[in-house]
Amino acid sequence: MVPRSPSSNLSRGPVVLCGNAPGKAAGASAEDRCVSAGRLSRSTQDPTRGTGNDAGMTQQPLSTVRRKATMYAGLGSAVAGTVAGAVFAAQWFSGVWNGTPYPVAVPAATAQRLDERTQAVYDELGLSHATLDRDWPGGMDAGGYDCHPVGLRHFFDNLRDTPTSEPQVVDVHNDWALKGVSLDEAVPALERVRAALTGRGWTVTEYRRTPSLLEMRLKAPGGSDRVTIESYPGNRLQVAASADCARYPAGTPLDSAGNPRLPSPQAPSVLRG
């Protein structure tokens, strides 16, 4: 028989010699020495493997840290979202409570622009035979009667029969009238205005025609200026322009009534010579 080499014994696993197991006193029983030798053999086979308790001690802290990191990250996101939402809500409520401030505009410049709007209308009416009604109670005006305080905090004040006006805020108006224009003449005249001005970006916002009334409202391009053309008894045709309320700058010249001074109207220029 060929004797086995030591390597062949190793390939078949560790050999436990119960009778000569190390690590026990001489008086230990054979069974104790066998168990001790078996433990020593397993430890020798895989010296890098620890016990179950050792593995738990190395893995437990890492998983705990991960859980805490996830929890803190979620908590931080929730706090940040709450703060952002609170800031947005505060800004929104402040805007609603105080309202949108009126734009700032120089009344004299607004009056001149409205004068040009009405001149553009007259140029397209084609009523060369009509004359300017110099008794018409109109003209250029800057008043603040319709310019009330804005914002929710003034809601109940604005419900009164005579709500207060916002200081230093006015809306500018300009109107005049032609006389000697019958209703039959006014209808085609307004159609000429409609065709010409809508081709230049104006918008017709309202048109009414009855047996006794003719009215057309237009909105000028590039802003909120409005022009109204309306027939009146006595063969008169009114042309009126208006702008939205605006706050005038400090130092604006005022008249004796405390309203901003405005230039004299020029339109219709051919009838004011």
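Keep in mind that what you see is a predicted model, and the values were worked out from it rather than measured.

A.B. asks: Before we go on, may I ask you to explain the overall build of the protein chain in this structure?
C.D. replies: A tally of regular secondary structure across the protein chain gives five helices and eight strands. Helices (α) and strands (β) of the protein chain occur, in sequence order from the N terminus, as α-α-α-α-β-β-β-α-β-β-β-β-β. Out of the 273 residues in the protein chain, the part that is buried amounts to 30%. Once local pairs closer than 6 in sequence are excluded, the contacts in the protein chain between residues at least 24 apart make up 66%. In the structure as shown, the protein chain presents an accessible area of about 17,600 Å², 57% of it carried by carbon and sulfur atoms.

A.B. asks: Would you mind showing me how to read the environment of Asp184 here?
C.D. replies: The topology assignment puts Asp184 in helix α5 (residues 183–198). Spatially, the C-alpha atoms of Asp184 and Asn235 are 9.8 Å apart, while their sequence positions differ by 51 residues.

A.B. asks: I'm lost on the state of the cysteines in this one. Help?
C.D. replies: By definition, a disulfide is the covalent link that joins the sulfur atoms of two cysteine residues. Overall, the coordinates contain one disulfide when judged by the stated rule. Here Cys147 connects covalently by a disulfide to Cys245, the sulfurs 2.0 Å from one another. An S-S torsion of about -90 degrees defines the bridge between Cys147 and Cys245 as left-handed. Taken as a pair, Cys147 in the loop between β2 (139–143) and β3 (169–179) and Cys245 in the loop between β7 (236–242) and β8 (246–247) lie far apart in primary sequence, 98 residues in all. With relative accessibility at 0%, the residue Cys147 sits in the buried group. Cys245 gets classed as buried once you look at its relative accessible area, which sits at 15%.

A.B. asks: What should I look at first to understand a nonpolar patch on the surface in this one?
C.D. replies: Judged by side-chain polarity, Met71, Tyr72, Leu75, Val79 and Val83 come together as a nonpolar surface patch covering roughly 520 Å² of accessible area. Counting through the fold element by element, Val83 comes out in helix α3 (residues 52–98). For Val83, a relative accessible area of 48% translates into the label partly exposed.

A.B. asks: Would you take a moment to explain the nonpolar core for this structure?
C.D. replies: As a rule of thumb, soluble globular proteins bury nonpolar side chains together. Within the largest apolar cluster, 35 residues are counted, with the highest numbers of intra-cluster contacts made by Val121, Leu125, Leu127, Leu178, Ile229 and Leu237. Within the residue set of this core, elements represented by two or more residues are α4 (107–125), β2, β3, α5, β5 (214–219), β6 (226–232) and β7. Broken down by element, this core gets its largest block of residues, six residues, from α5. Non-local contacts of Ile229, meaning those with residues more than four positions away in its chain, are made with Val121, Leu190, Val193, Leu214, Glu215, Met216, Leu218, Leu237 and Gln238.

A.B. asks: What is the right way to read the pattern of salt bridges from this model?
C.D. replies: Opposite charge on two side chains permits them to pair, given that their charged atoms come into close proximity. Applying the stated criterion to the full structure yields eleven salt bridges. The salt bridge partner of Asp225 is Arg113, with a shortest N-O separation of 2.5 Å. Placement of Asp225 in the loop between β5 and β6 and of Arg113 in helix α4 is noted, with a sequence separation of 112 residues between them. Note that Asp244 and Arg226 form a salt bridge whose closest N and O atoms lie 2.7 Å from each other. With a gap of 18 residues between them, Asp244 in the loop between β7 and β8 and Arg226 in strand β6 connect regions that are remote in the sequence. Three or more residues joined by partner-sharing salt bridges are found here, namely Glu206, Arg208, Glu215 and Arg217.

A.B. asks: In this structure, what is going on with unusual backbone geometry? I would like to understand it.
C.D. replies: A negative phi holds for most residues other than glycine; trans holds for most peptide bonds. Of note, the bond from Ala267 into Pro268 is cis; its omega dihedral lies within 30 degrees of zero at -10 degrees. Along the polypeptide, Pro268 turns up in the segment after β8. Phi is positive for Gln168, close to 60 degrees, though the residue is something other than glycine. Along the polypeptide, Gln168 turns up in the loop between β2 and β3. Using a relative accessible area of 43% as the deciding quantity, one classes Gln168 as partly exposed. Not every positive phi belongs to a glycine, and Asn235 is a case in point at roughly 55 degrees.

A.B. asks: Please clarify how the pairing of β6 should be interpreted in this entry.
C.D. replies: Burial runs high along β6: five of the seven residues are buried. Relative to β6, β5 runs antiparallel, the two sharing five bridges. In the sheet register, Glu215 faces β6, and the bridge partner there is Glu230. A loop of six residues connects β5 with β6, the two strands running antiparallel in sequence, and Gly222 in this loop sits at a positive phi of about 75 degrees. Bridge count between β6 and β7: seven bridges; the pairing is antiparallel. Its bridge partner being in β7, Thr228 is matched across the sheet by Ala240. The turn linking β6 back onto β7 is made up of three residues, and Gly234 within it adopts a positive phi angle of 85 degrees.

Here is what the cut-offs are and how they apply
- In this convention, every chain numbers its residues from 1, walking through the sequence in written order.
- Since the coordinates come from a predicted model, pLDDT governs what is reported: local features require at least 70, and pairs of side-chain atoms require 80 or more to be given and counted, while whole-chain, interface and lining totals use all residues.
- Water and hydrogen atoms play no part in the side-chain values, which are based on all heavy atoms of the structure.
- Here a strand is any run of E in DSSP of at least two residues, a helix any run of H or I of at least four, and the numbering for each starts at the N terminus.
- Each residue is placed in one exposure class: buried if its accessible area under a 1.4 Å probe, protein chains only, is under 20% of its type's maximum, exposed if it is over 50%, and partly exposed if it falls in between.
- Only heavy atoms matter for contacts: two residues are in contact if any of them lie within 4.5 Å across the pair.
- Computed with a 1.4 Å probe, the accessible areas rest on the Shrake-Rupley method; for each residue, only the protein chains presented here act as cover.
- A pair of cysteine sulfur atoms is labelled a disulfide when the two atoms are within 2.5 Å.
- Patch membership requires more than 30% relative accessible area and the absence of a salt bridge. Residues of like charge join within 9 Å; the nonpolar side chains Val, Leu, Ile, Met, Phe, Trp and Tyr join within 5 Å.
- For this document, the term salt bridge refers to a Lys or Arg side-chain nitrogen within 4 Å of an Asp or Glu carboxyl oxygen.
- Nonpolar cores were defined as sets of buried Ala, Val, Leu, Ile, Met, Phe, Trp, Tyr and Cys residues, with membership established by side-chain atoms within 4.5 Å.
- Any two strands are treated as partners once DSSP identifies two or more bridges connecting them.

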